[in-house]
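Here's the letter readout for the chains.
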Amino acid sequence: DRNILPAVIRALRGNRWCIFDRIRLHILAHTQIVNRDLLAEALLDEKLLVEYQVRVEYTALLKARYASLRKRDKERLVTMLTSVGLDDPNGADESDGERLKRQDGVIRDRLQLIQPHLQGKWRDYFDELAGRTSTSPVAWDRANLRAEISIGDRSPFAPRPAHATL
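What counts, and at which threshold
- Residues numbered from 1 in each chain as written.
- Predicted model: local features only at pLDDT ≥ 70, side-chain atom pairs only at ≥ 80, totals over all residues.
- Heavy atoms only, no water.
- Helix = DSSP H or I, 4+ residues; strand = E, 2+ residues; numbered from the N terminus.
- Buried < 20%, exposed > 50% of the residue type's maximum accessible area, 1.4 Å probe, protein only.
- Polar contact = N/O pair within 3.5 Å; in protein donor to acceptor, adjacent residues only side chain to side chain.
- Contact = heavy atoms within 4.5 Å.
- Core = buried A, V, L, I, M, F, W, Y, C linked by side-chain atoms within 4.5 Å.
- Patch = residues over 30% accessible without salt bridge, like charges linked within 9 Å, V, L, I, M, F, W, Y side chains within 5 Å.
- Areas by Shrake-Rupley, 256 points an atom, 1.4 Å probe, with all protein chains shown as cover.
- Salt bridge = Lys/Arg side-chain N within 4 Å of Asp/Glu carboxyl O.

This brings us to the environment of V78. Following the sequence through the fold, V78 ends up in helix α6 (residues 71-81). Through-space distance from the C-alpha of V78 to that of L111 is 7.7 Å; in sequence the pair is 33 residues apart.

A separate point is the side chain of T31. By the secondary structure assignment, T31 is in the loop between α2 (18-30) and α3 (36-43). For T31, a relative accessible area of 17% gives the class buried. Within the structure, T31 has its side chain in polar contact with the backbone nitrogen of I33 (distance 3.4 Å). Apart from the residues within four sequence positions on either side, T31 is in contact with L5 and R65.

Counting residues in each nonpolar core, the largest one holds 34 residues, and the members touching the most others are Y58, L61, L62, L77, L111 and I114. Counting residues per element, the ones that place at least two in this core are α1 (5-13), α2, α3, α4 (46-50), α5 (55-65), α6, α7 (96-112) and α8 (120-131). A total of five residues in this core trace back to one element, the largest contributor, which is α3. Filtering out sequence-adjacent residues up to four positions away, L77 remains in contact with L43, L44, Y58, L62, Y66 and L69.

It is worth spelling out α3 at this point. If you check which residues of α3 are buried, you get L38, L39, A40, A42 and L43. Packing partners of the buried residues in α3 comprise α1, α2, α4, α5 and α6. For α3, the N-terminal cap is N35; the gap from its side-chain oxygen to the backbone nitrogen of D37 is 3.1 Å.

Among the surface-exposed residues, W17, I19 and I23 lie close enough to one another that they form a single nonpolar patch of about 310 Å² accessible area. Relative to the helices and strands, W17 resides in the loop between α1 and α2. When its relative accessible area of 52% is taken as the criterion, W17 is described as exposed.

Below, the discussion takes up the side chain of D73. Mapped onto the secondary structure, D73 falls in helix α6. Overall, D73 belongs to the buried group, its relative accessible area being 3%. Sequence-distant contacts of D73, that is, excluding residues within four places in its chain, are made with A40 and L44.

All right, on to the pattern of salt bridges then. Where side chains of opposite charge bring their charged atoms close, a pairing between them can arise. Inspection of the entire model under this criterion finds nine salt bridges. Residue R70 is joined to D37 by a salt bridge in which the shortest nitrogen-to-oxygen separation is 3.0 Å. Of this pair, R70 sits in the loop between α5 and α6 while D37 sits in helix α3; the two residues are 33 residues apart in sequence, bridging distant segments of the chain. Judged by relative accessible area, R70 falls into the partly exposed class, the value being 23%. Within the structure, one salt-bridge network assembled from shared partners comprises D37, R70, D73 and R76.

So yeah, pure geometry; function would need other evidence.
Next comes the structure, spelled out in C-alpha cells:
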C-alpha cells in the first residue's frame, strides 16, 4: 500500500542494527511502489554506501531504482559515488600512484552499476576507467569533473546531441 510504505521504511530506519537497513534497502529495491523521496534518502546515505554489511542490498537498490531518482538526486549520487569512501579502510601504507589506482578501481566498480545512464563527461570518465589496465591511474582531474556535474547543459544527465557518440 502506497500509504504504508513510508511508515514501514521509517520504522526500519529507526533501528540501529544493520539487518534493518538490509531489509529496508531490499523492500525499496523490490516493491512495485516507487517513492522518490525514500529512494533518495537511502541511496544518498553515505553510511550505507560504504557499509560492507549492506553492500549487496545497496547495490541491488542502486541498479534497480537509479533511473527513478530525480535529476538533482542523480547528480548528487554520482558525485557521492566518485568521492565518498575512497580511503583505504585498512589504512595501508601506499604510494600516491597505488592509492589513485585503487580509488580508480572503486569508482569504476561503482559507476559500472549505473553505466547505462551515464552521459557526457561522466560517461567518458567511466569509459576511460573501464578501458584501462591497472598499470597507472586515470589522468582525469576529478575535482573539475565533479564540479562540472552541476553546470546546466554540461551535466552528464542532460540530453546528448544526436551526433554525439558513446
